[in-house]
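What follows is each chain in one-letter form.
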Amino acid sequence: MTTSTDFDALLVLSFGGPEEPAHVRPFLENVTRGRGVPPERLDAVVEHYMHFGGVSPINALNRDIIAAVEAELATAGIDLPVYFGNRNWHPMVEDTVAEMSANGVERALVFPTSAWGGYSGCRQYHEDLARARESVGSGAPDLVKIRQYYDHPLMVAAFADAITAALDELPAERRAGARLVFTAHSIPDAADANAGPPADGGHLYSRQVADASALAAAAAGIDEYDVVWQSRSGPPQVPWLEPDICDHLDALADKGVDAVVVCPIGFVSDHLEVVWDLDTEAEEKARERRMAFARASTPGTDERFAKMVVELIREHVEGAAARSIGSVPSYGETLNGQRCALGCCEQPVRPTRN
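The rules behind each value
Residues numbered from 1 in each chain as written. Predicted model: local features only at pLDDT ≥ 70, side-chain atom pairs only at ≥ 80, totals over all residues. Heavy atoms only, no water. Salt bridge = Lys/Arg side-chain N within 4 Å of Asp/Glu carboxyl O. Helix = DSSP H or I, 4+ residues; strand = E, 2+ residues; numbered from the N terminus. Buried < 20%, exposed > 50% of the residue type's maximum accessible area, 1.4 Å probe, protein only. Pairing = 2+ DSSP bridges. Axes fitted to C-alpha atoms, helices over the stretch in contact; angles between N-to-C directions. Contact = heavy atoms within 4.5 Å. Expected span 1.5 Å × (residues − 1).

Turning to the pattern of salt bridges, a few remarks are in order. What the rule picks out here adds up to 26 salt bridges. A salt bridge links Asp226 to Arg179, with the nearest nitrogen and oxygen atoms 2.8 Å apart. Linking Asp226 in strand β6 (residues 225-230) with Arg179 in strand β5 (residues 179-185), this pair joins segments that are 47 residues apart in sequence. By relative accessible area, Asp226 is classed as buried at 14%. For Arg304, the salt bridge is made with Asp302, and the minimal N-O distance between the two is 2.9 Å. Linked by salt bridges that have partners in common, Asp250, Asp254, Lys285, Glu288 and Arg289 make up one network.

Okay, the sheet that holds β6 next. The four strands lie next to each other as β6-β5-β7-β8, forming an open sheet whose pairing is parallel. The open sheet has two edge strands, β6 and β8 (292-295), and neither has a second partner. Ignoring strand direction, the axes of neighbouring strands in this sheet form an average angle of 25 degrees. As paired elements, β5 and β6 share six bridges and run parallel to each other. The partner of Thr183 across the bridge, within β6, is Val228. Sheet contacts for helix α8 (residues 204-219): β5 and β6; angle to β6, the most-contacted strand, approximately 140 degrees. In the packing of helix α9 (residues 245-254) onto the sheet, contacts are made with β5, β6 and β7 (259-263), and the angle to β6 comes to roughly 145 degrees.

The terminal C-alpha atoms of helix α6 (residues 153-169), which comprises 17 residues, lie 25 Å apart, in line with the 24 Å expected from a rise of 1.5 Å per residue. Along α6, the residues that are buried comprise Pro153, Leu154, Met155, Val156, Ala158, Phe159, Ala160, Ala162, Ile163 and Ala166. The secondary structure elements touched by the buried residues of α6 are β5, α8, β7, β8 and α12 (303-317).

As for its placement among the helices and strands, His271 is situated in the loop between β7 and α10 (272-275). Each C-alpha atom, one on His271 and one on Phe15, is 10.0 Å from the other, the two residues being 256 residues apart in sequence. Leaving out residues up to four positions away in the same chain, His271 has contacts with Pro57 and Ile58.

Glycine aside, a negative phi is what most residues show, and trans is what most peptide bonds show. Following His90, the chain continues to Pro91 via a peptide bond in cis, the omega torsion being 0 degrees. Mapped onto the secondary structure, Pro91 falls in the loop between β2 (82-86) and α4 (93-102). At His203, a residue that is not glycine, the phi angle is positive and equals roughly 60 degrees. The backbone phi angle of Ser231 is positive, close to 65 degrees, even though this residue is not glycine. Tracing the sequence through the fold places Ser231 in the loop between β6 and α9. Residue class for Ser231 comes out buried when judged on its relative accessible area of 9%.

Laid out in structure tokens, this is it:
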């Protein structure tokens, strides 16, 4: 039985990434335009991509997620064609929304591959949708962004099982003393202070990361853990969320910790920030300090992730109750790129570089 809905399609909206070496520099220029990122930092990131053949895993991983979601939709009897668009590289969201319009789509749900609040995690996706609709013009479909889902129980369960599996990868004699370390993408302190509707007090992103970490640790049966940050890219004079993962590994080693499990709680898939910043730099740091190291997998390849996406869709097409188990609010559900609230997730003014 097929469920009829008020929606014509699902748009999976993501960050984008290069798929061959010639794409790397123009992709990074798209990402960093207007952000004051030092040229030497950009050069270093180019080398990170070249370490993996100039290809980011993100587009391929998103296509795998889309295939899994299509299968889950078919099983659920929900007839929604799935489209794929990106902010920073092809397929660009402007082109995808134009294709949707040409195909007669009038109203679509939008699933962003970020579970979080904040400017980069949520509001920038609203801006992507508004920009894409503007580029298409009067024939653009209405686009309804799905809410933030950082605390959905299926994603929490996937992270918890990944933590348990990573612990089992450590040498048996070191497991009992292993430290669990959660990590998410750092953002400027000012951006975190502005995250969320002003009435909610700000710091929505870091509060959600902390809550998700607590939920995953509890589900894995672990009482003590740390929450740290990674992948900062801004000017050195701008304060960002700390401590950095590699600095934290040094601090743990100084305290005698000889084994760690690192869980990339802030990522749904193994993006470059995971395979370089964790699987390369953090693992090398652990090796230097003679620490056993295991990295928990991300949930995008877990079958529960696609099931979660369909549950989020059902909230809209069937009026199903939201499944959230965290203590920090989720926002982000708006039409056509509108803000959740006046002043929500304002982008901090970036300093001028001389």
